[in-house]
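Here are the chains, one letter per residue:
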Amino acid sequence: MPQSVVMRTIVFLCCLIHAVLLAQPPAKSIWLPKKNQWVDSNLDKEGWKYFQDQYINQTDILEGEEQALFVPSILHASKDLYSSLTSFSFSIRRYRMKGLSSRYFTQSIQEVSMNQLSDGNIPWVNWGGLNEVTSNNQLYTGLKQNDYQFGNLGSVNIMQLNASQLFPQTTFATTISNRNYQQRWAFTKVWAENKNGWAFAGSIAIKKGNGGMLISNQFNGFSYFVGVDKFYKRHLFSFILLGNRQWHTRQSAVTKELVGLSRSNLYQPGWGLHQGVIKPANGQFNHQPSVFLTHTYKSVETIEQATTFFYSQGEKYTTALDWYNAPDPRPDYYRYLPSFFTDTALANSVAEQIQMNPAQLQINWDHLYWVNQHASSDKRARYWLEDRVEQSNKLAMNTRFKILLKPSLEWTIQGQFKRECYQYFKRVSNLLGGSYTMNWNQFAEDNLPSSTAIQNDLNQPDQKVLTSERIGYHYQMVIKEWLFMTQLNYRLPRFDLFAALKYTHTIYQRTGFYRNGVFPLQSFGPSHPDHFRNLFVKTGLTYKMNGRNYVYLHGAISSLPPLVNDWYLSPRSNAIKQPKQFSEQSLMIEAGYILNAPLLKLTLNGYFIQLTKGMDVMSFYHDGYRNLVNYALNNLSTQHIGIESSIAYQLTPSLSINAALHMGQFIYNQRPTYAVLADNEPFISETGILYINRFPLTGFPHTACYTGLAYRSSSNWMMNLSASFLGKQWISFNPLRRTYDAAQNLAPNTAQSVLIQPTILPSEMVLDLSVGYSFRLKKLINGKSYYLQCFLGMNNLMNRSMITGGFEQLRFDVQGGDINQFPNKYYFSNGLLYSCSLKFKL
Amino acid sequence: MKNVLYSMVILYFVLLACACKQQLDAAPPYTGTSLKVNTSIRDLYTSHIPGNIERFINNEVITGIVTANDENDNFYKSIVIQDSTAAITVRLDGFGLSAIFPLGMRVMIKLNGLWMGEYGGMLQIVGSVDRTNPLQADLMPLPAALFNRHIFAVGLQTMPSPIDIRYNQFHDSLQSRLIRLNQVEFAAADTAQPYSDAINKITTSHSVKFCSGGTIYLRTSGFANFAAQKTPSGNGSMVGIYSIFGSQKQLAIRDTRDVQFGNQRCIQTGPAVLLWEDFEQFTNNQKLSNAQWQNLAESGQVFFQIQSQQNNRFVSISALGTGQPTTTSWLVLPPVSLSQVKSPQLSFLTKDQFDNGASLRVMISTNYDGKGQPWKAKWTTLKANIANGSSTGIAANWTPSGPINLNNYAGLVYIAFKYEGNDLNSSAAKKNTNFWVDDVKIIAQ
C-alpha cells in the first residue's frame, strides 16, 4: 500500500510535469527578432521593396515549438526555484533571463550542444512534441559549475534521452487546446532494462490544428523517438533516433491601423480564400531527424567517460509569396491602406472600401491565378509561392572524461568537433497556375540598364524556373568548430571551488553556387575561410555556511566568434564580410545567496555582464537608397546589471506561497558604428555612428515579478494560481532613426525625440491557473493499475488582449522624416489560452 | 353534381400538374459583370470643358480595351483604354499593372466618383484632385485599394487595329488612340541613339519624320526597359499611343516591336525631301536660333520669332512695337544643293495679320557666302503666293505659296525670307504687318 502511494505520487508528479509542460503558452519568442531577415527580391516601380520584417521570422521560435520554453526548468523546481517559477509565466512577454541573446544559453542532448553554430539558436522544433521522453533534464543557470561542459553565461540545460533513464511506462495521452494546434495524441512505451541489459523506449506523437483563434491557422506535426540501451559490464551503449516532421502556418505582426480596419486584433494578412477554401501564404516546415550514438563508461567511482557521435540531416523552410512585374499581393501593403493617403477624401474612400469589402484585407488567390494565366500568353508566373530553404547536415563528436583525482578533487576534460554544413536557397513551390518564372533579380533591373546585373546566376543566364527548381540565391556555409575544455572542481568542507577553461577554434567558409550578376567576382565558389580562436575562463567559489545557507561568487571572461550571419554582410548574394574582424568579448560576475530550509526557500542572485565588440547585420529596404541594404553594425556593447530573486514558503503541508522578482538595468553602453552595403552595389557605401548609448535593450521585460499560490493535496489534487506583472519593455528599434542623418528631413519644430525615443509597451498583469487531478481507474491483479490523469491549464485568465511584442519597421521614410509612414508592428496575444489533457497510464 | 365533381377532380389534377412543372426562379448563369455601358469615351471628350476638372456623378460607365500599360515601364502608373469612338488614359496608383490589365483586356469602368482633367492638354481619368497648390490642381491617380470598386474585367479580346494616320490628320480627337504612322523614319540626328536616358532615368524625345513632310516626337521614359536600345535608321511604320503635351505632338510606343523600320530611308526613293521644316522642334516664344538657320536683322533689330497657335509652331515677324523707321530682316534657310536633283520645288505657308503694307519676299541667291551678311550678295525674288490683305485681323487660313520651280538653279543655293517694314509714328506711313511662315519644304523628284 505505501508503495502504491509512492507510485501514485510519482505518477502524479510526472503528470504534473507533463501537464505543466503542455500548458505552456505558444512558445513566445524569448529571442530578439531574428536578425538578418532575408529580404526578398521584389520591387515595385519606385523600388519599394518587400522586406521580411513584414513577416519577421520570429515564428521559428514563436510557433516552431509549443514546448519551446527557453528554460524547461519546471522539472528542476527543487534545483532552481527562480527558473521554475518564472520561466512559464514570464514567457508571454518573451522574458529572457538576464536579457541575454540565444547564443548565451546552451541546450545539449547527450552532451552535444544543439545550438546552431550559424545563428546560435536552439532548434527546439527538432525534438518538439516528444514531451513524454524529453523530460530528463538538468539545468545550470548562470555560471554554476556542471560536470559536463563549460557552461554558458545564461544557462545550460543538459538533456539525457537514454532509454534506461526514462521512467518505464505505457501511456496514451490526448490534449485539446485553443493554441495553434488543437489536438495532440501521443503514445509512449518504455521498457526498463531487462536481464540481458537491453532497454527500449519508443514514442510517437501527432499534433493537428485547423483554425482556432486564428482562422487561418494550420498545424500538422508528427514526431517520433526510438531509444535503445545496452549495458555491457561497465559500459553503456545507447542509440537514439528522434525527429519531428512539422508544417504549420506562421503568424505575422500587424500594425494598429490594420487592427482598427479589421476590427480584430486577431487579424492576419497572410491568407486568403482560394475557390472558397482558406489558403495560407506563410508556412513553415521542419524535419531534421537526428541520431545519437553514445558510449558511457564508468569505472569504480574514479573515472567516468562519455563519448557521443551525433549526426543530423534535414531541411527546414519557410514559404512565402513572391512576385515579379505585378502589383504587391499582400493586402497589408502600406500603399493599400488609408494611412498612406494625405488626401482625406481619398483616405476615407479607401477606408470605406475596405470596410465594405473585408475580403480586400486578405489575399485574393483567385485573382493571382487569373493573372498568372492571362498576363502573358506564355503564362509566365507573376506570382508564385517559394520556399526559403535551409538544408543542413550536422555532425559532432564529443568525448568527456571525469576523473576523481582525490575524493574532493574532480577533473573534467572535454573535446569536441562539430561540422555544420548549411545550404541556403529558394525553391519555387507553387507557380499558382503559371507555367514558369525567370531567375532574375528585378531589383537590379533599374540600376544597371542592359547589363547582366539582373541575372541571379550568370552561369545560367535567363533561366526559366519551374516548380521545385531553385531560384534567387544558392550558397553553402560550412562551419567547423574544435573545442577543448578542462575543469577542476574542488570540494572543501566549507568551500566549493571550481575553475574551467575552454578553447575553441572556429572556421567559417561560404561557397556560392550562383554567380550573382551584381557581384560576379565575389559570389561564386568557395570564399577565403576565416579562423576565429577564442578562449573562455570561468571560476567560482561557494561558501557553505551550513547545510541551509550558501553564498557564492562566480566570474567569467570569454570571447565568442561573431555569428556567421553577422560576419558575412549579405551571404545570399556575395561573400563580402565585415570590415574588421573582432570576437565578441564578455565579462560576467555574479554573486548570490541561497537559503534552503524546510519551510522557506530563498534565492537571491545579482549579476553584472558586460558584452563588447558585438556585431550584427540587419537587412532591410532602405528608402534613401531605394534599395535593399545590409547594415553591418560593429562594436555593439551592452551592459546587463540585475537581480533575480525567488522565495517559496510552505504555509501548510499542502499549501505554499511563492514569489519571484526580476529587475535590472539592461542597456547599450556605447555608440556602435555601422557600414552599409546595398545589395546592388559591390562596395561599402556609407559608414557612421549609431547614437544609441544608454538605450534600453529591447524585446523582454526589464522588470517582472511573480506571485503564486500552489496547492498540492495529499490526495491527487494540485492547483496553482499565479499573477505576474511584466513591465518596462521596449520594442526593438530601428537603428536608422538613431543616426545623424535621420533628422535631416524632420519637419521643422519637431522635437528630435519623436524620432529617437524608443517605444515602450504597456505593462501587463497576467493571471494563470492550472489544475490537475489523477485517479486510478482499475487495479489489476498483478498489482499494476490504470491511471487517468487530467489537467487543465489556463493562461491569461482575465482574457485580456495584449501586445506580446513588436518592432519598429526597419524601413523608414528618410525623405519625409515621417515615422508614421511605416508604423510599428505588433504581435497580439489571443486572450485566454487553455489546454486540457488526459493521460491514460498503465 | 357529378360534373362538378369531375371538373373538381380534373381541376385538381391540372393544378397538380402545374405544381409539378413549377420551378424555382433562378438568375441566368453568371457570365460577367452585369454593368451596362451607358457612355462612350467620345462622350467624355465632348462633355469635357477645356481647362476644367470634372467629377463624375451620373453613374457613367464606359468600356474599353487596354491598348497600353506598364508592361515595359514606358507608361508609368497608367493604362490606356480605347473603345470604338475614342481612347483615354486612366491613371492608376499601382505598379505591375500589366499583370492585372494586360493588353487586349476589356474593362468596364464605373466612373462615379472619379475625375477627369487635362495634363498638358491630355484628357485623363484620375482618382482625385489635390488642390493644395492654388495655382495648379494636381491630378491624383486612383489608389490601388479602389481598383475593385471602379474597374471590372470583362475578358481578353482582340486588340483594336491601330488607325493609319497621315501627318495632316493629327487632331485632338486622336488623344490616347492607338495609331500607326507609315513611311516615317527617325531624323538623321536621332538614329542609332538610345531610345531614352536609362542612366539618369530622364524621358527623352526623338524626332520622327514623315517622308511626305512633318515631324512628330517619339517620347520614351528613362525607366522603359528598352530605353538603352538604339533607334533604327531605316524607314517604315510605327505604332503607338498618340498624345500631346502642350503644343507638341507625341507618340509613345509600348515596346520596340512597335517600330518596324525595315525599309530604306525615304530620301532614297520617291520625292526627295531636300529641306523640310515645320518649326515644331524650336522653343516657343523665342527668337529662332539654330546653327543651320540664319536669323539676321539688316536694320531695325527685328528677328523671326517662334510662335504657336492651336498647337502648331511657326515663325513670325513684325516691326510692330519697335519704333524703328525701317526694319529689314532676313531668315536664311540652310543651304540646299540643287546639283543632281530633278525639278526641285519650294513651297511654304504664310499667314498675315493686320496687313498695312510691309512686305515679305522669298528670294534665292547662288553667290551668298553664308557668312551672315546676305545683303551683300545678289538675290533674286522668287514668284510666290504670299498672304496679304488681312488688314483687320488674323487671316483665317494659311496661304500656300504654290510650287515654286527652282529648275533654273544649280549648285549650292541659299533661299531666304526677307521682311521689310517700319514702325513709324504716323499711322499712314506705318508698315508693320505681321507675317507667319510655316512648313517650308524643298522637294525634288
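Remember, predicted model here, so these are calculated numbers, not experimental data.

1. Remarks on the overall build of chain B
Looking only at helices and strands, chain B has four helices and 31 strands in total. Expressed as lengths along the three principal axes of its C-alpha atoms, the size of chain B is roughly 125 × 50 × 50 Å. Taken across its 445 residues, chain B has 39% of its residues classed as buried.

2. Description of the overall build of chain A
Check the secondary structure of chain A and you find eight helices and 39 strands. For chain A, the residues scored as buried account for 53% of the 842 residues in total. In chain A, 72% of the contacts between residues at least 6 apart in sequence involve partners at least 24 apart.

3. A few points about unusual backbone geometry
The backbone phi angle of Arg263(A) is positive, close to 55 degrees, even though this residue is not glycine. Along the chain, the position of Arg263(A) falls in the loop between helix H4 (256–262) and strand S10 (271–274). Owing to 9 C-beta atoms within 10 Å, Arg263(A) belongs among the exposed residues under this scheme. The residue Lys77(B) is not glycine, and still its phi comes out positive at about 50 degrees.

4. Observations regarding the environment of Asn59(B)
For Asn59(B), the position within the fold is in the loop between strand S1 (54–55) and strand S2 (61–68). Taking the number of C-beta atoms within 10 Å as the measure of exposure, Asn59(B) has 13 and is therefore partly exposed.

5. Digging into the sheet that holds strand S11 (residues 277–280) of chain A
All names here are of chain A. With respect to topology, three strands assemble into an open sheet ordered S11-S10-S15, the strand pairing being mixed. Both outer strands of the open sheet, S11 and strand S15 (363–364), are each paired with one neighbouring strand and no more. Alignment of S10 against S11, held across four bridges, turns out to be antiparallel. Directly across from Gly272, in S11, lies its bridge partner Lys279.

6. Details of helix H3 (residues 81–89) of chain A
For H3(A), the tally of buried residues reaches nine of nine residues, placing the bulk of the element in the interior. Taken together, the buried positions of H3(A) are Leu81(A), Tyr82(A), Ser83(A), Ser84(A), Leu85(A), Thr86(A), Ser87(A), Phe88(A) and Ser89(A).

7. Let's talk about the sheet that holds strand S1 (residues 105–109) of chain A
Residues and elements named next belong to chain A. Strand order in the open sheet formed by four strands is S2-S1-S4-S3, with mixed pairing between adjacent strands. A strand with exactly one partner marks an edge of an open sheet, and here the two such strands are strand S2 (112–113) and strand S3 (137–141). Here S1 runs beside strand S4 (residues 155–159); their pairing, made up of five bridges, is parallel. Bridging across to S4, Ile109 finds its partner in Met159.

8. Some details on the pairing of strand S14 (residues 204–210) of chain B
All names here are of chain B. Taken across its seven residues, S14 has five buried, putting it largely inside the fold. Here strand S13 (residues 178–186) pairs with S14 via three bridges, running antiparallel. Each bridged residue has a counterpart across the sheet, and for Glu185 the counterpart in S14 is Lys209. Sheet topology note: the S14/strand S15 (residues 215–220) ladder contains six bridges and is antiparallel. Each bridged residue has a counterpart across the sheet, and for Ser207 the counterpart in S15 is Tyr217. Connecting S14 to the next strand, S15, in antiparallel fashion are four residues, including Gly213 with a positive phi near 105 degrees.

9. Digging into the nonpolar core
Membership of the largest hydrophobic core comes to 95 residues, with the highest contact counts inside it found for Tyr383(A), Ile79(B), Ile81(B), Ile88(B), Val208(B) and Leu251(B). The element contributing the most residues to this core is S13(B), with five residues. Residue-level mapping places this core at the junction of two domains, with at least three residues from each of domain 1 (41–156) and domain 2 (163–268) of chain B. Excluding its chain neighbours within four sequence positions, the residues that come into contact with Val208(B) are Leu181(B), Val184(B), Phe186(B), Thr215(B), Ile216(B), Tyr217(B), Leu218(B), Met238(B) and Leu251(B). Residues Trp440(A), Tyr568(A), Ala632(A) and Tyr668(A) belong to the second largest nonpolar core, which totals 53 residues.

10. What to know about the pairing of strand S30 (residues 412–421) of chain B
Successive side chains on a regular strand alternate, one facing one side of the sheet and the next facing the other. All names here are of chain B. When you tally the buried positions in S30, you get eight out of ten residues, the bulk of the element. Sheet topology places strand S23 (residues 327–332) next to S30; six bridges connect them, and they run antiparallel. When the bridges of S30 are listed, Thr327 appears paired with Gly421. In terms of strand pairing, strand S24 (residues 336–337) meets S30 through two bridges, oriented antiparallel. Among the inter-strand pairings, Ser337 is bridged to a residue of S30, identified as Leu412. Strand direction decides the pairing type here: strand S26 (residues 359–365) and S30, joined by seven bridges, are antiparallel. Bridge pairing links Leu360 to Tyr419 in S30.

11. Describing the environment of Trp271(A)
All names here are of chain A. Summarising the element assignment, Trp271 is placed in strand S10. A count of 22 C-beta atoms within 10 Å places Trp271 in the buried class. For the pair Trp271 and Ser216, spaced 55 residues apart in sequence, the C-alpha to C-alpha distance is 6.5 Å.

12. Remarks on the interface of chain B and chain A
In this assembly, 26 residues from chain B lie in contact with 24 residues from chain A. When contributions to the side of chain B that touches chain A are tallied by element, the ones reaching two or more residues are helix H3 (97–100), strand S8 (128–130) and helix H4 (147–150) of chain B. The element contributing the most residues to the side of chain B that touches chain A is H3(B), with four residues.

13. A short note on the confidence of the model for chain A
Mean pLDDT over chain A stands at 83; residues scoring 70 or higher make up 88%. For residues 1–78 of chain A, every residue scores under 50 in pLDDT, and the model assigns this stretch 208 contacts once sequence neighbours within four places are set aside.

14. A closer look at the confidence of the model for chain B
Summarising the model, chain B shows a mean pLDDT of 87, and 95% of its residues fall at 70 or more. With pTM at 0.78, the complex prediction returns an ipTM value of 0.73.

15. Digging into helix H6 (residues 365–374) of chain A
Looking at H6(A), one finds that the buried residues are Trp365(A), Leu368(A), Val371(A) and Asn372(A). In a view along the axis of H6(A), the buried residues occupy a sector of 120 degrees, so they form one face of it. Here the buried face of H6(A) lies against S10, S11, S15 and strand S16 (383–406) of chain A together with H3 of chain B.

What counts as what
- Residues numbered from 1 in each chain as written.
- Chains lettered and ligands numbered in written order.
- Predicted model: local features only at pLDDT ≥ 70, side-chain atom pairs only at ≥ 80, totals over all residues.
- Helix = DSSP H or I, 4+ residues; strand = E, 2+ residues; numbered from the N terminus.
- Buried ≥ 20, exposed ≤ 12 C-beta atoms within 10 Å, placed from the backbone.
- Contact = placed C-beta atoms within 7 Å.
- Pairing = 2+ DSSP bridges.
- Core = buried A, V, L, I, M, F, W, Y, C linked by C-beta atoms within 7 Å.
- Domains from an automatic or database assignment.
- pLDDT = per-residue confidence, 0-100.
- Arc of directions from axis to C-beta.

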